Amino acid sequence: MSLKIGIVGLPNVGKSTVFNALTRTQNAEVANYPFCTIQPNRAIVPLRDTRLMRLKELTGVPEAIFATIEFVDIAGLVRGASRGEGLGNQFLGNIRDVDAIVHVVRCFDDPNVVHVSGEFDPRMDIETIQLELAIADLEQLERKIERLTSAIKGDRNLIPVMETAQGLKAHLENGNPVSSFPSSNPLTLLIQELRFLTAKPVIFAANVDETGLDGANSCIQIIQTIATGQNSEFVLLCGKLEEELIGMTPDEQKEFLELAGAQESGLEQVIRKGFATLKLISYFTKNEREVRAWQILCGTKAPQAAGIIHNDFERGFIRAEVVPFEIFAEYGSDAALKAAGLLRSEGRDYLVQDGDVILFRFNV
């Protein structure tokens, strides 16, 4: 399972700057005019887990393979995007493919950087994006209801889906996102098919200038309040400052962030909150060549976790030999763990935990 996060926002809010900062690249063009980004910029970023590096050190293998996250810098949306304004339909289509959304909101007032609506208003900026996403979902749902109206005549099993679709339509018309609609099997089927934009979890990112990292900016407080009210995550970052981290060593980055008054980088914040939002965890495997991290949903059972590596592992699953990372790090080797009786054997119902070091046993 690879985490894919889309970066959205109005034009000229610093999306491409944030993209470059998060991915430690200079792939996205940054310019002071709307629609500088047309095709989405993409970058694959390794999730540098210190636990995996410690495993590599302890086992003495030559390689550590990190799990990855894909960031997609989606062109700026404007009012009317759901009707095609600013190439909106194309941009909205790019959002459907992501697992979560980082919604960048401008929290700096710079007369040299034009605002697409002519005025600086973070609440209005958020409402503009969310309205366009909701309208796009509503239009797509209405087309689905038209198809169901015909299909239901020959298949009465579709009645629960139609009832859910009609209830969801009223929900969207009242300005509510799909994510706040009561969960049900028919809703899950609709989300899987239509990939609703407002069903995706959101991380609001307040993009401040160098003086705004103390959190005292009233704009920040507005965004935090909105995020809390929508049960969404919030991060505070300075895209311009974080671009300066590109090319620095980890120690240099840490020192630089401390001097700037930041506890962690924007990338670290987004990854941590992205994992929490999507309920993702990591487990580790090792052999004589490599140690490797894998992402799974919290609550995944051992056979399904094995299937992330290869379908044959799930089909032929026998057992999982498991040790928590902390215990492996304390004892340092399989031999020491076995001598202490700490290497557990788990069956098909075992729920894999974050940080588990696992060897899967299976029949081919």
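What you see is a predicted model; the values in this text were computed from it and never measured.

## Remarks on the sheet that holds strand 5 (residues 100–106)
- With mixed pairing, six strands are arranged side by side in an open sheet as 2-4-1-5-6-7. Of all the strands in the sheet, just strand 2 (41–46) and strand 7 (233–237) have a single pairing partner and so form its edges. The sheet shows a mean angle of 25° between the axes of neighbouring strands, taken without regard to direction.
- Both strand 1 (residues 3–8) and strand 4 (residues 68–73) contribute to a ladder of five bridges, which runs parallel. Among the inter-strand pairings, Ile7 is bridged to a residue of strand 4, identified as Asp73.
- Across the face of the sheet, helix 1 (residues 15–23) comes into contact with strand 1, strand 2, strand 4, strand 5, strand 6 (202–207) and strand 7 while running at roughly 165° to strand 4.
- Taken strand by strand, helix 7 (residues 218–229) contacts strand 5, strand 6 and strand 7, and its axis lies near 160° from that of strand 7.

## What about the pattern of salt bridges?
- Going through the model one piece at a time under the given rule, you end up with 19 salt bridges.
- Ionic pairing is found between Arg147 and Glu193, a salt bridge with its closest N-O pair at 3.7 Å. One end of the pair, Arg147, is in helix 4 (residues 122–151); the other, Glu193, is in helix 6 (residues 185–194), with 46 residues separating them in the sequence.
- Relative accessible area serves as the criterion here: at 42%, Glu193 is assigned to the partly exposed category.
- A salt bridge links Asp334 to Lys286, with the nearest nitrogen and oxygen atoms 2.7 Å apart. Of the two residues, Asp334 is situated in helix 14 (residues 334–340) and Lys286 in strand 8 (residues 280–286); the sequence distance between them amounts to 48 residues.
- Judged by its relative accessible area of 23%, Lys286 falls in the partly exposed class.
- It is possible to trace a salt-bridge network through shared partners that takes in Lys4, Arg42 and Glu70.

## Observations concerning the nonpolar core
- Counting residues in each nonpolar core, the largest one holds 70 residues, and the members touching the most others are Phe71, Phe204 and Ile223.
- Excluding its chain neighbours within four sequence positions, the residues that come into contact with Phe71 are Ile5, Ile7, Phe19, Leu22, Thr23, Asn41, Arg42, Ala43, Val45, Leu267 and Val270.
- Ranked by size, the runner-up nonpolar core spans 16 residues in total, among them Leu148, Ile152, Met162 and Leu187.

## Concerning the side chain of Arg96
- Note on placement: Arg96 falls in the loop between helix 3 (88–95) and strand 5.
- In this structure Arg96 comes out as buried when scored by relative accessible area, which is 12%.
- Excluding residues that lie within four positions of it along the chain, Arg96 makes contacts with Ala136, Asp137, Gln140, Leu194, Arg195, Phe196, Leu197 and Lys200.

## Quick word on a negative patch on the surface
- The grouping of Asp251, Glu252, Glu255 and Glu258 at the surface amounts to a negative patch.
- Residue position: Glu252 is located in helix 9 (residues 250–260).

## Quick look at helix 7
- Here helix 7 spans 17 Å end to end across twelve residues, near enough to the 16 Å set by a 1.5 Å rise per residue.
- The complete set of buried residues in helix 7 reads Cys219, Ile220, Ile223, Ile226 and Ala227. On an axial view of helix 7, the arc spanned by its buried residues comes to 130°, and they lie on one face. Exposed side of helix 7, more than 90 degrees from the buried face: Thr225, Thr228 and Gly229 are the residues found there.
- The elements touched by buried residues of helix 7 are strand 5, helix 4, strand 6 and strand 7.
- Residue Asn217 occupies the N-cap position of helix 7, its side-chain oxygen lying 2.8 Å from the main-chain nitrogen of Cys219.
- Looking one or two places after helix 7, you find Asn231, whose phi comes out positive at around 55°.

## Observations regarding the pairing of strand 9 (residues 290–297)
- Along strand 9, six of the eight residues are buried, which leaves the element largely enclosed by surrounding structure.
- Relative to strand 9, strand 3 (residues 63–65) runs parallel, the two being bridged by three bridges. Looking across to strand 9, one finds that Ala64 is bridged to Val291.
- Relative to strand 9, strand 8 is paired through seven bridges, and the arrangement is antiparallel. The partner of Tyr283 across the bridge, within strand 9, is Trp294.
- Joining the antiparallel neighbours strand 8 and strand 9 is a turn of three residues.

About the criteria used
Residues numbered from 1 in each chain as written. Predicted model: local features only at pLDDT ≥ 70, side-chain atom pairs only at ≥ 80, totals over all residues. Heavy atoms only, no water. Pairing = 2+ DSSP bridges. Helix = DSSP H or I, 4+ residues; strand = E, 2+ residues; numbered from the N terminus. Axes fitted to C-alpha atoms, helices over the stretch in contact; angles between N-to-C directions. Contact = heavy atoms within 4.5 Å. Salt bridge = Lys/Arg side-chain N within 4 Å of Asp/Glu carboxyl O. Buried < 20%, exposed > 50% of the residue type's maximum accessible area, 1.4 Å probe, protein only. Core = buried A, V, L, I, M, F, W, Y, C linked by side-chain atoms within 4.5 Å. Patch = residues over 30% accessible without salt bridge, like charges linked within 9 Å, V, L, I, M, F, W, Y side chains within 5 Å. Areas by Shrake-Rupley, 256 points an atom, 1.4 Å probe, with all protein chains shown as cover. Lys, Arg positive; Asp, Glu negative; His and termini not counted. Charge placed at Lys NZ, Arg CZ, Asp CG, Glu CD. Expected span 1.5 Å × (residues − 1). Arc of directions from axis to C-beta. Polar contact = N/O pair within 3.5 Å; in protein donor to acceptor, adjacent residues only side chain to side chain.

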